[in-house]
Every structure is written in structure tokens, then in C-alpha cells.
Amino acid sequence: MFRKYLTDLSLILVAVIWALNFSIIKVTLTEIDPYSFNALRFIFAAVILYSIARKRGYTLKVQKEDFWKLVGIGIVGNLFYQVLFMIGIDYTYSANAAVMLGTIPIWVAILSQFFTDEKMTTLTFIGVVLAFSGVALIIAGGENEISFQSKTFLGDVITVIAALCWAVFTIMSRKYLKTYSPVQYSAFMSVIGVICLSLVGAPSLLKLDWSGISWLGFGGIIYSGALSVGVAYIIWNRGVKVIGAVRTAAYQNLVPVLGLLFGVILLGEELALLQYIGAALVICGIVIARLEKKSPTSLNSSKS
């Protein structure tokens, strides 16, 4: 019974890790600039992932014909996404950014529909739409300001592009996860991330005041590197391999739901009615998207 739901439970764990990661990053960035932070956490993540891969008998060696394609995928997921996310959130409200990132499952579903063999069923489509609607209600019912005015337009667009980059990374990974294990694939991608983000962050790293970083700051690097990137990447890629990109991406919308839960438990916050409804919609959407439809009919396969 447990093995049957192992993938789902592990993806819920990823959502927990990412939900906590937002608060941890916010605290850590008061001591470390974003570019140095990204480079340092990926260095830590790469060491962890490479060690796990070696322990399980894997190397970073990939097939010659796959090498540059995998490098390209790594650049999209670990350079473009990370940099665009940091820039985007700097130019818009955090609530806006949450809505923009909530489009990731939608982009994954659309791109998968047209460019892969993973087609949406009616249930999957309904689930994805419900989950995103839930995220929108959670944000709308909160105290954080959300505004789609001209002053946030640039940040909103950049954050949407970041979401699209992660969606592209997710669906392109599925093809190669049929050849490589999630552990080996994650380790290879983390090395690409280290190289790219270290080059981007080099000027900031050279000026970084190491003495000004507290144990909490280093703890943030370790948490974000080991768990938010290290453990989460392995689980995410395993989910893509086992249940597909669309269903895996749907779990990303659990992050704001868990953020609400942590606020209630840890901070004693009270939720608005819209947030309760939104949380329920997200959960229902994920469950519906995860259902295996017995009928082979999918959205694009109906013929008359």
C-alpha cells in the first residue's frame, strides 16, 4: 500500500521543502546577495548529489549524443530559471510572483500536449485548472498586495518567463529520464547549475563578506542546497519519470497551501474564506489530475 503512494507522498514532501524554503531564503538573503547565495547552494547541492550518485554506482558520464542536449536543458532549468526568478521577484510583488509561478503546471500541460507523447486527459485538464484557480484564490484572499499595474508589468512578465523555463526543463527531462536514473540525471544537472551560477555569481562571490554571515545564514545555504535543490531534484525527476511531467507539476501548487498551513500552526495566523476555498480547490485539482482515466480518450484524441 505504501509503495503504491510513494511517489505522491514524496512529491508532497518536496512541496513541504519548497514551502519552508521561501521563508529560509528570505532570512538568508538579509546576509548574502542573491547571486552568491544561488552559487553557494548549488555548490553544496552538487556535492551532495554527486556523492549519492557515486554511492549508488553512477557517474556523470552520459552518452555522447546526449551531452550537449543535456547541457542545454540544464542551462534552461538551472541558469535561466534561477536568474529570471530572482530578477522577476525584484520587480514585482511577492503575491504577483506566486500567481505567475502558479502557471507552471499549466505551461507543462500545454507544452506536453503539443510537443510530447504525454497527452492531457479531460480529468488532467480539469485538475490543472482547478489547482491554479485555487492558488489564485489563496493569493487574492491573503494580506499581501497583488496588483497588475504597469509598474509591476516587467516583473510579472519576467516571472512568467521563469515559470515557462521550469516547465520546459520539466518536460524535456522526461525523455532523458527514460535513459538515466533520477539520481544520475539530478547530479549531472546540478553540476551544470554550479558552473553556470558560479560564473554569474563570481563578481558577487569575490566581494562577499564571509565574516558577516551568521550560522543562520550558513544554515540557509545548507537547507536550500541539500533539501530544496538536492533532495527535491531527485524526487521531482523521479516523479516526472514515474507519473509524467503534467501530474508531477500539479504538486507544485501545494506550496502556497502548505505556506498557509505553516502560517496557522507556527504563527497563529487566521485564514480568509477565499483561502480555505482556494486550498480545497488545489487539493481537489491535484487528486483529479492524478486519477488514472480508464478510457484512452484524451483531449486531443477525440475523433468524429
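Each remark here, short or long, concerns the structure printed above.
This write-up is about the structure you can find in this document. Treat the numbers as computed from the prediction; the structure is a model and nothing was measured.

**Overview of the pattern of salt bridges**
Applying the stated criterion to the full structure yields 3 salt bridges. In this structure, Arg174 engages Asp117 in a salt bridge whose closest nitrogen and oxygen atoms are separated by 3.0 Å. Of this pair, Arg174 sits in helix H7 (residues 150-176) while Asp117 sits in the loop between helix H5 (104-115) and helix H6 (122-140); the two residues are 57 residues apart in sequence, bridging distant segments of the chain. Exposure remark for Asp117: the relative accessible area of 56% places this residue in the exposed category.

**Let's talk about the packing of aromatic side chains**
Overall, the coordinates contain 10 aromatic pairs when judged by the stated rule. Each ring, one from Phe67 and one from Trp68, has its centre 5.0 Å from the other, and the planes form 85 degrees; the classification is edge-to-face. We classify Trp68 as exposed; its relative accessible area is 65%. Plain terms: the ring middles of Trp166 and Trp236 are 5.9 Å apart, the flat faces sit at 55 degrees to each other, and that makes the pair tilted. Of the two residues, Trp166 is situated in helix H7 and Trp236 in helix H9 (residues 215-243); the sequence distance between them amounts to 70 residues. Comparing Trp166 with Trp236 shows no difference in burial state: the two are buried. Taken together through their ring pairs, the aromatic side chains of Trp18, Phe42, Tyr81, Phe85, Trp166, Phe169, Tyr233 and Trp236 make up a single cluster.

**Digging into the environment of Asn237**
Mapped onto the elements of the fold, Asn237 is located in helix H9. For Asn237, a relative accessible area of 1% translates into the label buried. Between the C-alpha atom of Asn237 and that of Leu177, which follows or precedes it by 60 residues, the distance is 7.4 Å. Those residues in contact with Asn237 that lie beyond four places of it in its chain are Leu177, Pro182, Tyr185 and Ser186.

**Re the packing of helix H2 (residues 34-55) against H9**
Angle between the axes and distance between the axes are the two parameters that describe a pair of packed helices. In contact at an axis separation of 8 Å, H2 and H9 are set at 50 degrees when each is read in the N-to-C sense. In terms of their interaxial angle, H2 and H9 are classed as oblique. Every pair of crossing elements has a handedness; the one defined by H2 and H9 is right-handed. Contact with H2, carried on its side by Phe37, Leu40, Arg41, Phe42, Phe44, Ala45, Leu49 and Ile52, involves Gly220, Ile221, Ile222, Ser224, Gly225, Ala226, Ser228, Val229, Gly230, Tyr233 and Ile234 of H9 and no other residues of that element. Of the residues in the contact of H2 with H9, the class split is 13 nonpolar, 5 polar and 1 charged.

**Focus: the nonpolar core**
With 70 residues, the main nonpolar core has Trp18, Leu70, Val108, Trp166, Tyr185 and Leu254 as its most contacted residues. Beyond its immediate sequence surroundings of up to four residues, Val108 is in contact with Ala167, Thr170, Ile171, Ala245, Val246 and Ala249. Ile32, Phe37, Leu208 and Ile213 belong to the second largest nonpolar core, which has 9 residues in total.

**Observations regarding helix H1 (residues 6-28)**
Taking 1.5 Å of rise per residue, 23 residues should cover 33 Å, and H1 covers 32 Å from first to last C-alpha, within 8% of that figure. Where H1 bends most, the angle comes to about 30 degrees, and this point is Asn21. Listed as buried for H1 are Thr7, Asp8, Ser10, Leu11, Val14, Ala15, Ile17, Trp18, Ala19, Asn21, Ile25 and Thr28.

**Brief notes about the environment of Ile12**
Relative to the assigned elements, Ile12 resides in helix H1. Each C-alpha atom, one on Ile12 and one on Ile235, is 9.9 Å from the other, the two residues being 223 residues apart in sequence. Setting aside anything within four residues of it in sequence, one finds Ile12 in contact with Tyr251, Leu254 and Leu258.

**What about H9?**
Counted at 1.5 Å a residue, the expected span for H9 with its 29 residues is 42 Å, and the 39 Å between its end C-alpha atoms agrees. At Ala232, H9 shows its largest kink, close to 35 degrees. Gly244 sits one or two positions beyond H9 and adopts a positive phi of about 100 degrees.

**Describing the environment of Ile17**
Position of Ile17 among the secondary structure elements: in helix H1. The class of Ile17 is buried, set by a relative accessible area of 6%. Considered as a pair, Ile17 and Val229 are 212 residues apart in the sequence and their alpha carbons are 9.5 Å apart. Non-local contacts of Ile17, meaning those with residues more than four positions away in its chain, are made with Tyr223, Leu227, Ser228 and Val231.

**Some points on the side chain of Thr28**
Topologically, Thr28 is positioned in helix H1. On the accessibility criterion, Thr28 (1% relative accessible area) is buried. If sequence neighbours within four positions are ignored, Thr28 has contacts with Phe37, Leu216, Gly217 and Gly220.

What counts, and at which threshold
Residues numbered from 1 in each chain as written. Predicted model: local features only at pLDDT ≥ 70, side-chain atom pairs only at ≥ 80, totals over all residues. Heavy atoms only, no water. Salt bridge = Lys/Arg side-chain N within 4 Å of Asp/Glu carboxyl O. Helix = DSSP H or I, 4+ residues; strand = E, 2+ residues; numbered from the N terminus. Buried < 20%, exposed > 50% of the residue type's maximum accessible area, 1.4 Å probe, protein only. Phe/Tyr/Trp six-rings, centres within 6.5 Å; stacked < 30°, edge-to-face > 60°. Contact = heavy atoms within 4.5 Å. Axes fitted to C-alpha atoms, helices over the stretch in contact; angles between N-to-C directions. Parallel < 35°, antiparallel > 145°, perpendicular 65-115°, else oblique. Left-handed = near helix turned anticlockwise from the far one by under 90°. Nonpolar A, V, L, I, M, F, W, Y, C, P; charged D, E, K, R; others polar. Core = buried A, V, L, I, M, F, W, Y, C linked by side-chain atoms within 4.5 Å. Expected span 1.5 Å × (residues − 1). Bend = angle between axes of the 7 residues up to and from the residue.

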